[in-house]
Amino acid sequence: MLSRGRTRILMLGTLVAVLALVLQACGPAEQPTAVPTKAPPAPTATAAAVPAGPTAAPTVAVPTAAPTAVRFVTPTPTEKEPKYGGIAVIAGRADPTAGWDYMRDTNYDIHQAGQPIFGTGNLVRTCPDDPYARCPGLAESWDVNSEFTVWTFKIRDGVLWHDGRPFTADDAKWWIDLSVKGVEGRRPSNTVTSFGDFKSAEVVDGNKVRITLKTEAPQYLLELGHPTNVLAHPRHLMEPEIKKGNANVAPLDVKLVGTGPFKLLQYNKGSNVSVRRFDKYWEKDAKGRQLPFMDGIDFPLNLVRETQVASFRVGRLDGTGRGNLIFWLPQQVDTAKKQFGDGAAFWPLITGGRNFGFNMTRPSVFSDVKVRRALSLAFDRDEFARITYPDLAKALPIFFSGSPWVNPDYMTWPGYNPATREKDRAEAKRLLAEAGFPNGFKTELVCLNNWLQDCEWAAGELRKHLNVEAAIKVIDQATWNERRCKGDYDFIAQGASVNAAFPETVKQNVVSAQTGACANFYHNDLAVDAFFGRLAKARTVQERAKIAQELERYIIQEKVYNISLATNVSPFATRSYLKNIRMGITDARDYMTQADVWLDK
Amino acid sequence: MAKIGVVRAGVGLRAKRGWTWRVWVFCRKKPLGALGAVLLILMAFTAIFADALENYDPLYQDTPKQLTAPGREFWFGSDVLGRDVYSRVIHGSRVSLYVGLMAVLISTAIGTTVGVASAYFGGWLDLGIQRVIDALQGIPGLVLALALVVALGASLNNVTIAIAIAYIPRVTRIARAQALSVIQEDYVLAARAVGARAARIIFRHVTINSLTPVIVVAAGLLGNAIVTEAALSFLGLGVPPPFPSWGQMLQAGARGYQEAAPWLTIFPGLALTVGVFGFNLFGDALRDTLDPRLRGR
Amino acid sequence: MHRYVMRRLVLFVPTLFLASLLVFTIMHILPGDVALAILGTDNVNMRDVENIRAQLGLNNPLPTQYGEWAWGMLKGDFGGRSLVDREPIRANIGRRFPVTIQLAVLTIAITLLVSLPLGVIAALKQDRWPDYVIRSMTILGLAMPNFWVALLVILGLVLIFSWGPPVMYRNFWNSPSTNFQIMIWPALVLAWGFSSYLVRVTRAQVLEVLRQDYVRTAHSKGLATRTVITRHVMRNALIPVITLLGTHLDATLGGSVILESIFGVPGVGQGIVQGANYRDWPVIQSLAMTLVFITLTTNLIVDLTYAFIDPRIQYK
């Protein structure tokens, strides 16, 4: 049903333009579905009337897969009849933190073992066949008014919590309110931005939830259904706790009761999470087969990369974990390929980007845009990509290449274009001289210890090409968080989160310090915030793409607040007998439920 | 007894044969110790003349040539960033020697003083000092060093200081335990009885005679400090770049490249092993030589 | 003797107090803020950070904070709950403590079994080939950082036996065989390093004792060599060895911080590293204090044993 449903609410690129085609694809059975069908005449019509314009052209290249190398052959979908049963062993990375509360943590750690229990997304979720669109989740359909301010979701019948209680519209409304408003003693969710410019939520007709927004949001579902926004808070268990005064009750405190395909068997902290089939799971596959197929999954936690790789090679693991620090190195993939041949699949998962940021809120050598631009021009992004992950990592500005939001011509930008490399470096030296540093300068590069190699490379390149001495200041995660969030740096090696597939994902990492957010480069530029206001109101994908591309150019080219270098690729491995494994293309946290994964052995 | 040894070594001969002869005797009697001394001299030589011995700038990254196997161009291969492992190992000796020597010097100086004084004076002073040392000792060394590096910030000197502090209780306890024994010896009692000054007794008798186990431990710690720096590197908080430390190189190689690029671990690992080997062998020989009761045997 | 034991037991209290002060101070000079961990680093608002800090009492004067924590430790709830996931710390310690103790006991057992005989042999065969072989082995044990050895062990098991230890930890009483297959590796790696020290000290001490007058006297009395060694040499040589066993327990426990993460053993070390990532003060403090308690208790026992063995030491 999922794969056939094709209730794309977002038609990207040319797809949007060809409205009729879309309507056909939506199928007659599910009438209230796609946004464009409900679209008010004016904006969408004009958009549709200007099809395949210059702005639309780049978005044609909607990626179906990340760039793949020979090393990474994605197994073709099997036509075999799925088998029921079996327990897979798939490594997680570390213990989920924050009491497994998705309102507090967005880490892969919490999602890998969490999504089997809670499912992906909430009322809506990422489509399996189009990662840039949203499909029905716990809501089977939805409706929107012509102003895109009132969204009504019809809750699916027959959804049960793992303890047997039916999932209701009241549950959904309670969760939305808790996320957006919090309660006395409990802050709103960290995912509150996913709910847009929220006004109210109410239950209508008994089984519908209506969300009213203050401003129009044609792309609302993209935000709402972001993979980090998981519905994991059972009202019937948590509300009594909150009334008792335990305002910050977390899913773990109420024994992790979800609506997902698997229910929790046991969670041994520090060691493993085990989940087993939930027989009354609501979802069926395209051919009407009851999901999930597997009897369960065991997630061993906290194994370092080398232990995971070794355990995979000796057959103790059917799959390895996702995320930084534990991904497979190219050399490890090569060795394992020799051992397994087609017996194992390696997934080129993209988990953000590698970049360096500047602090604009305090005076330093980097206050001068010439200096920032000089640094940006000096780096050979292709070479950096090759070092971080040969064949897979790719130079990028803010957005993933292949997404509709990326500037289609970014590879011709100065600093990106291999053809102008020497010219760019000469220009970098000229700029630096013009800024008053003909012989370079000394600075400090604040570096998270996990990203040491990036820092060493950057410092080496700066020394080599610009005579800039960047002393590497190595700090641990908690210190890094503090210095980053309080803007205590001039030049910092960033985590992965500046770069993403969606503008909404990027937002909290790039907005100004005025918003109080913990940005990944620190600045007071309200112009950056303004882009996001415009994005929220954009009616069409083209319009959105245009704004996002402007934003990207503004940050990377014009102001050079951030030097983005390359995608951060974190491959994981699965044995080939695990069928239907999917990899999040727009977000590494997509498709972790493993609901339709089955064991062919 | 000690005197007999000196006589047998030949007071009269010493003038004629000079130090070369004595070195020869040392090598004959303590071949392992001599080996240790040679290794240490080699290491010191490497550290001092690193700039002359290097093939390339240890920081120069030739990324297109990353992960080259050992060969004519890169004797020990190249690392992920295309830097010459040989040159880095050579320069790494500076960092490792520095960390080892300074950390042990600091901890031994403080530890011995505190330990002996504590044992000699006894009473409330001993009581107080021992509580502090016990308390410090209770915190596992690596955890203590790690916390200190995080608190002070990772730098060459801070890593050294953190390691030194973590070693102080160990030295102090050994020094004190030995000093307690020594104080009961007749010659100390005698010195006290004739009314020798405390400082004189402490240094001439107690400290000197308590040194044996301290030196054994310190010699072990010399190597151990280098290994601890490697462990801190593994946890991401060792000596930071640009200083190439053996520990940092070893951990970078051991994480994922052990099979595909073994030269990344073998050469720094070998250097580290040889260094620690030298420190320990030499320390053993030093112990035998320094101990007044063993002198000349 | 009786009074000495009593005295040591009484002194144990101020030591614990000092250690707790030390742990508390170190933890509180670390940069980083637990509020950021609680809020998550996405979408953090610095105003919220301040609120959280106030809520958690992190803005209270340090003595107050110390008092609250110390009182919690005394009450037996180990300072309340984790700030990050609100798990009672008592549960956390109850889970991790036995794992680390098991690892430590296993390590010490292997170490003693191996190192005492080797140390004596090395001493008796001084400057002959058994001595050289044993000493070289021990120096290798000292020279190779344990994370390297551990990673080599894991890789070696794959390449040679196509085998790896189980990936999911089981308690000894639930599944002894799984538990053993996991625990034996970190224990062996730790024991190699640990016994390297012990062999060397045993050797040094035996050598020293062999040269003592009373040993010569014993020999000249016509006692059998075996009797001299067991009755005179061993007994006297063992004292510093035991001291070292005590003083190096902290090294073992410290080393387990790394090995636990490599072998997936959910012990105290792993807990400290995890807690430190979030600056979860009460958790790190309480876990560190647990380690301190183990080491101090062992040291106390060592000192008392010391008193029994070495008659030369007088206790006032």
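As the structure is a computational prediction, the values presented were derived from the model and not from experiment.

## Structural notes on the interface of chain C and chain B
Interface size, as often reported, equals the accessible area lost upon joining of the parts. Each partner contributes to the interface: chain C provides 61 residues, whereas chain B provides 55 residues. When chain C packs against chain B, the two sides together hide about 5,300 Å² of surface, and 66% of this comes from carbon and sulfur. Contact with chain B buries area across many residues of chain C, yet Phe147(C), Trp148(C) and Arg211(C) alone supply 11% of it, more than any other trio. Between Asp134(B) and Arg8(C) there is a salt bridge; the shortest N-O distance is 4.0 Å. Where chain C touches chain B, the interface holds 4 residue pairs in polar contact (both at pLDDT 80 or more). Looking at the side of chain C that touches chain B, the elements with two or more residues in it are α1 (2–29), α6 (129–143), α7 (146–161), α8 (176–210), α10 (225–247), α11 (249–263) and α13 (281–309) of chain C. Looking at the side of chain C that touches chain B element by element, the count peaks at 11 residues for α1(C). Of the residues belonging to the side of chain C that touches chain B, the class tally is 37 nonpolar, 10 polar and 14 charged.

## Here's the deal with the interface of chain B and chain A
Counting residues at the interface gives 27 residues for chain B and 24 residues for chain A. Linking chain B with chain A are 3 salt bridges, by the criterion used here. With a shortest N-O distance of 2.7 Å, Arg83(B) and Glu456(A) are connected by a salt bridge. Viewed at the interface, chain A and chain B are joined by 10 residue pairs in polar contact (both at pLDDT 80 or more). Split into classes, the residues belonging to the side of chain B that touches chain A amount to 16 nonpolar, 7 polar and 4 charged.

## Here we look at the packing of aromatic side chains
All names here are of chain A. Summed over the entire model, instances satisfying the criterion amount to 42 aromatic pairs over all chains. Seen from their ring centres, Trp151 and Tyr220 are 5.7 Å apart, and the 40° between their planes marks the pair as tilted. Placement of the pair is Trp151 in strand β5 (residues 150–155) and Tyr220 in helix α10 (residues 220–224), with a sequence separation of 69 residues. Among the residues examined, Trp151 registers a relative accessible area of 0% and is labelled buried. Judged by relative accessible area, which is 0%, Tyr220 ranks as buried.

## Some thoughts on the pairing of strand β10 (residues 296–300) of chain A
All names here are of chain A. The buried fraction of β10 amounts to 5 of the 5 residues, a majority that puts the element mostly inside the structure. Pairing of strand β1 (residues 87–89) with β10 involves 3 bridges; the strand directions are parallel. Residue pairing in the sheet places Ala88 in a bridge with Ile297 of β10. With 5 bridges connecting them, strand β9 (residues 272–277) and β10 associate as antiparallel partners. When the sheet's bridge partners are listed, Ser274 is paired in β10 with Asp298.

## A few points about the packing of helix α11 (residues 246–254) of chain B against α7(C)
Contact geometry for α11(B) and α7(C): axes closest at 10 Å, N-to-C directions at 20°. Judged on the interaxial angle alone, α7(C) and α11(B) are roughly parallel. Where α11(B) crosses over α7(C), the two elements pack in a sense that is left-handed. Between α11(B) and α7(C), the residues in contact are Leu250(B), Gln251(B) and Ala254(B) and Phe147(C), Trp148(C) and Leu151(C), respectively. The residue makeup of the contact of α11(B) with α7(C), split by class, is 5 nonpolar, 1 polar and no charged.

## As for the pairing of strand β6 (residues 198–204) of chain A
All names here are of chain A. Where β6 meets strand β7 (residues 208–213), 6 bridges bridge the pair, whose relative direction is antiparallel. Within the sheet, the bridge partner assigned to Val204 lies in β7 and is Lys208. Here β6 folds back onto β7, and the loop between the two strands holds 3 residues, one of which, Asp205, carries a positive phi near 55°.

Conventions and cut-offs
Residues numbered from 1 in each chain as written. Chains lettered and ligands numbered in written order. Predicted model: local features only at pLDDT ≥ 70, side-chain atom pairs only at ≥ 80, totals over all residues. Heavy atoms only, no water. Contact = heavy atoms within 4.5 Å. Buried area = accessible area lost by both parts, 1.4 Å probe. Salt bridge = Lys/Arg side-chain N within 4 Å of Asp/Glu carboxyl O. Polar contact = N/O pair within 3.5 Å; in protein donor to acceptor, adjacent residues only side chain to side chain. Helix = DSSP H or I, 4+ residues; strand = E, 2+ residues; numbered from the N terminus. Nonpolar A, V, L, I, M, F, W, Y, C, P; charged D, E, K, R; others polar. Phe/Tyr/Trp six-rings, centres within 6.5 Å; stacked < 30°, edge-to-face > 60°. Buried < 20%, exposed > 50% of the residue type's maximum accessible area, 1.4 Å probe, protein only. Pairing = 2+ DSSP bridges. Axes fitted to C-alpha atoms, helices over the stretch in contact; angles between N-to-C directions. Parallel < 35°, antiparallel > 145°, perpendicular 65-115°, else oblique. Left-handed = near helix turned anticlockwise from the far one by under 90°.

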